[in-house]
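Structural features, examined
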Amino acid sequence: MRVGLIINPIAGAGGPLALHGSDAYRPGAELPVWAAQRAEEALRALMVSCQPEWVCGAGAMGEDLLYALGIKPKVLGPRCWPSSAAQTRAIAEQMLAQDLTLLLFVGGDGTARDVLDAVGEALPVLGIPAGVKLQSACFGVSPRAAGALAASYLSSHARVSESREVLDLDEAALGQGRVQAQLYGQLRVPVDAKRLLQGRKSRSEAGDAVDAAQLAASLLPQLRQGLHLIGPGSTTWALKQALKLDGSLIGVDVVLDGALWLRDATEAQLWELARQRQPRLWLTAIGGQGHVLGRGNAPLSPRVLQALGRAALTLLITPRKLQALGGVPLRVDCGSAAVDALYAGPVRALTGPREQAMLRLVAA
């Protein structure tokens, strides 16, 4: 069997810089390592039980990693740095003629759109999550999960796949204070019976904003004292609105004694704060997916989270969002197994004024 691999080498690189994606990221001479690390984690999980032939992009788009793992692949296209969306699409188009059993790609929603543009539903594909925005339903819940699902699919005689959504951030909804996705198209993805695939980001229910506003109002006395890191999302956005801050809907803001200190903070800024002071951390889960860490809050890197400690975390989740998860566990996938384990376990979530629920965070 033959498996294709396309790595977007700059996927996720803009996250720590609070760029909310790779479009505005300007690569330097030094190659980012994040996407390659995520790819390696997935491939090691896959190769526990499968040893396929590999076809890949040149250089950082797959060739370098496979050679480092002791694999000699068939290489498509020339080496090129920095890489581009057009190059991803060109390699994906060449994959159509390679008699592949499965195509793996490494990136975020933007890379998923490029792969969709090139192959449509002509090939079964699977995304290894490495981007900043990961709202589409074609990614594993973590690189390890993607590797395990790929191995299961390749080892199966049936090899059943289904159409899953590729989503795009709805800029109009963002302008109205809602983090919402819109459908871009569909990719054909291996069927998942073990919840190794993430769901699509769900839309906020009509009453969600009211629930979040009431919860935020009840927390104002706490928020007006001390140092707070307030994460992205519609639920935490209600905290920023209650404080009347010009905060970021999709970024991590720093609040001191109720006033905005840093809007859309970078990883480096949060690291300085986390190791010198003891801020509280306010987060919510992504609707429909359940990720609390590792999706949309990249400035909260493993070293920042380790310095903050688990005791700093307060989780907010409205009853409607909790119900919409339908039993999907709350997940942590921050890029470090040790820090994922640090944050895993039972967690008390605030669901409304004077209401809370005991939930469980699991390492994805």
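To be clear, the structure that these remarks concern was listed above.
As the structure is a prediction and not an experimental result, all values here were calculated from the model. (Residues numbered from 1 in each chain as written. Predicted model: local features only at pLDDT ≥ 70, side-chain atom pairs only at ≥ 80, totals over all residues. Heavy atoms only, no water.)

Looking at the pattern of salt bridges
This is how the line gets drawn: One speaks of a salt bridge when a side-chain nitrogen belonging to Lys or Arg is within 4 Å of a carboxyl oxygen belonging to Asp or Glu. Only DSSP runs of H or I with at least four residues qualify as helices, and only runs of E with at least two residues qualify as strands; both kinds are numbered from the N terminus onward.
Considering all chains together, one arrives at 14 salt bridges under this definition. Among the salt bridges present, the one from Arg-303 reaches Glu-267, with a minimum N-O distance of 2.7 Å. Here the residue Arg-303 occupies a position in helix H10 (residues 302–308), and Glu-267 occupies one in helix H9 (residues 267–276), the gap between them amounting to 36 residues. Bridged by salt links that share partners, the residues Arg-38, Arg-295 and Asp-333 form one connected network.

Focus on the environment of Gln-98
Stated precisely, the cut-off is as follows: Note on contacts: a residue pair is in contact if any heavy atoms of the two residues lie within 4.5 Å.
Tracing the sequence through the fold places Gln-98 in the loop between helix H3 (85–95) and strand S4 (102–107). Each C-alpha atom, one on Gln-98 and one on Val-55, is 7.8 Å from the other, the two residues being 43 residues apart in sequence. Not counting chain neighbours up to four residues away, the residues in contact with Gln-98 comprise Arg-2, Val-55, Lys-74 and Leu-76.

Remarks on the side chain of Ser-301
Which entries qualify depends on this criterion: Relative accessible area decides the class of each residue, using a 1.4 Å probe on protein chains only: under 20% of the type maximum gives buried, over 50% gives exposed, and in between gives partly exposed. Nitrogen and oxygen atoms within 3.5 Å of one another constitute a polar contact, given that in protein one can donate a hydrogen and the other can accept it, and given that sequence-neighbouring residues count only through two side-chain atoms.
Looking at where Ser-301 falls in the secondary structure, it is placed in the loop between strand S12 (291–293) and H10. Owing to a relative accessible area of 10%, Ser-301 belongs among the buried residues under this scheme. Within the structure, the side chain of Ser-301 is placed 2.6 Å from the side chain of Glu-267, a separation counted as a polar contact.

Points about the environment of Ser-336
Counting through the fold element by element, Ser-336 comes out in the loop between strand S14 (330–332) and helix H12 (337–343). Taking the C-alpha atoms as reference, Ser-336 lies 11 Å from Glu-41; in sequence the two are 295 residues apart.

Section: empty space enclosed by the protein
Inclusion rule: Points on a 1 Å grid over protein atoms alone make up a cavity when a 1.4 Å probe fits among them but cannot get out, and a pocket when they form an open set with protein on both sides within 12 Å along at least five of seven lines; lining residues each have an atom within 4 Å of a point. Grid points are joined across faces, edges and corners, and a volume is the space filled by probe spheres set on the points. Side-chain classes are defined by residue name, with Ala, Val, Leu, Ile, Met, Phe, Trp, Tyr, Cys and Pro counting as nonpolar, Asp, Glu, Lys and Arg as charged, and the others, Gly among them, as polar.
Under the counting rule described, the total for this entry stands at 2 cavities of 30 Å³ or more. Together, 13 residues line the second largest cavity, and His-20, Ile-250, Gly-296, Ala-298 and Pro-299 are the ones closest to its centre. Residues that form the lining of the second largest cavity fall into these classes: 7 nonpolar, 5 polar and 1 charged.

Digging into the sheet that holds strand S15 (residues 345–352)
Worth spelling out the cut-off: Paired strands, in this sense, are two strands between which DSSP finds at least two bridges. Angles run from 0 to 180 degrees between N-to-C directions of axes, and those axes are lines fitted to C-alpha atoms, restricted for helices to the stretch in contact.
If you trace the 9 strands from one edge of the open sheet to the other, you get S10-S9-S8-S11-S13-S15-S16-S14-S12, paired in mixed fashion. On the outer flanks of this sheet lie strand S10 (259–262) and S12, each paired with one strand and no other. Averaged over all pairs of adjacent strands, the angle between strand axes in this sheet comes to 35 degrees, irrespective of strand direction. With 2 bridges joining them, S12 and S14 adopt parallel strand pairing. Across the sheet, residue His-291 finds its bridge partner in S14, namely Arg-331. In the packing of helix H8 (residues 234–242) onto the sheet, the strands contacted are strand S8 (227–230), strand S9 (253–256), strand S11 (280–284) and strand S13 (313–316), and the crossing angle to S11 comes to about 130 degrees.

Focus on the environment of Leu-350
Residue position: Leu-350 is located in strand S15. Overall, the relative accessible area of 13% leaves Leu-350 in the buried class. Each C-alpha atom, one on Leu-350 and one on Thr-314, is 7.7 Å from the other, the two residues being 36 residues apart in sequence. Excluding residues that lie within four positions of it along the chain, Leu-350 makes contacts with Leu-215, Leu-219, Thr-314, Leu-315, Leu-316, Ile-317, Glu-355 and Gln-356.

Let's talk about helix H5 (residues 143–155)
Put simply, the test is: By this rule the span expected of a helix is its residue count minus one, scaled by 1.5 Å.
Its 13 residues give H5 an end-to-end C-alpha distance of 18 Å, which sits within 8% of 18 Å, the value for a rise of 1.5 Å per residue. Where H5 is buried, its residues contact strand S1 (2–7), helix H1 (34–46), S4, strand S5 (125–129) and strand S7 (181–190).

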